[in-house]
Amino acid sequence: MKHTIKNIMASSVALLALTASSGWAGVTEEISTLQKRWAEVNYQMEGEAQSEAFASLATEADAVVSKYPDSAAPLIWRGIIKSTYAGAKGGLGALSLAKSSKADLEAALAIDPQALDGSAYTSLGTLYCHVPGWPIGFGDDKKAEKLLLKALAINPDGIDSNYFYADYLIGKKRYQDAKSYLLKAKKAAPRINRPLADAGRQKEISQALAVIEQKLGS
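What comes next concerns the included structure.

Each value, and the rule that gives it
- Residues numbered from 1 in each chain as written.
- Predicted model: local features only at pLDDT ≥ 70, side-chain atom pairs only at ≥ 80, totals over all residues.
- Heavy atoms only, no water.
- Helix = DSSP H or I, 4+ residues; strand = E, 2+ residues; numbered from the N terminus.
- Expected span 1.5 Å × (residues − 1).
- Buried < 20%, exposed > 50% of the residue type's maximum accessible area, 1.4 Å probe, protein only.
- Core = buried A, V, L, I, M, F, W, Y, C linked by side-chain atoms within 4.5 Å.
- Contact = heavy atoms within 4.5 Å.
- Arc of directions from axis to C-beta.

**Points about helix α3 (residues 72-89)**
An ideal rise of 1.5 Å per residue puts 26 Å on 18 residues; α3 measures up with 26 Å between its terminal C-alpha atoms. Taken across its 18 residues, α3 has 15 buried, putting it largely inside the fold. Note on α3: the residue one or two positions beyond its end, Gly90, has a positive phi of about 70 degrees.

**Observations regarding the nonpolar core**
Residues Leu34, Trp38, Ile81 and Leu182 are the most contacted members of the largest nonpolar core, which totals 61 residues. Considering every element that reaches this core, the biggest residue donor is α3, with 9 residues. Excluding residues within four positions of it along the chain, Leu34 makes contact with Leu57, Glu60, Ala61, Val64, Trp77 and Ile81.

**Brief notes about the environment of Ile31**
Relative to the helices and strands, Ile31 is located in helix α1 (residues 2-44). Sequence spacing of Ile31 and Ala61 is 30 residues, and the spatial spacing of their C-alpha atoms is 8.7 Å. If near-sequence neighbours (up to four positions away) are discounted, Ile31 is found in contact with Ala73, Pro74 and Trp77.

**Regarding helix α8 (residues 175-186)**
Taking 1.5 Å of rise per residue, 12 residues should cover 16 Å, and α8 covers 16 Å from first to last C-alpha, within 8% of that figure. By the burial criterion, the buried members of α8 are Tyr175, Ala178, Leu182 and Ala185. The arc that holds the buried residues of α8, viewed along the axis, is 75 degrees, so those residues lie on one side. Taken together, the buried residues of α8 touch α7 (159-171) and α9 (195-217).

Below, the structure written as C-alpha cells:
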C-alpha cells in the first residue's frame, strides 16, 4: 500500500511539473508574439494605421492576460502596449490609456517584481516621467527616478533599463550622466528573437546621443 501511494504521489508531482512547464511554455510563446507585433507596430507604422494596430494589439493582450491571470509577464506587456499607444495617440484619450497601463504594471509588480528583468519598473518609471503631473495626471519625477533606478538594479546592462533612465536624465538636462547610460545601452547584448525591437531602440539611442553632443558642444 505504501509503495502504491508513493507511486501515485510521484506521478502527481510529475504531472504537476509537466503542466507547469507546458503553461510556462505557452505564456512565453504568446508573450513573444506580443513583443514581435509591438515592435512592428511601434517602429514600422505611423498615423491612424498605427493607432488602429495598437488598439487591436491591446485586445490581443487582454486575451493573454485573461488566459494567464497569475503571470506578471502578460500584464507587463499589456501595460507596455497601452503606454506606447498612449504616446502615439496623444490628447485626452492618452491619459486614460496611461492610467490603465499604470494599473497593469502595478499589478505585475505585485505578482513578481523581477519578471522580464524588472521591465515593469522601467515602464512604470517612464510613465511617471512623461505623464503630466497633478492636477491633470499622475506624473511625478521623483517616483520616476526611483522606479527607473530599481529597474537598473535588476538589469544593470539592459538596453531598455539604461536607455529609459538616460531619457529621464536628458529631461533633467543632466546630459553628461545621460550620455554614460546611453553608451551602456548601445553596448547591450542583442536580445534573442527581438531584432526589430533592438534595431529600433538602437536608432533611438543614436538620436539621443546626437542631441546630447549638440547640447554639450554648445
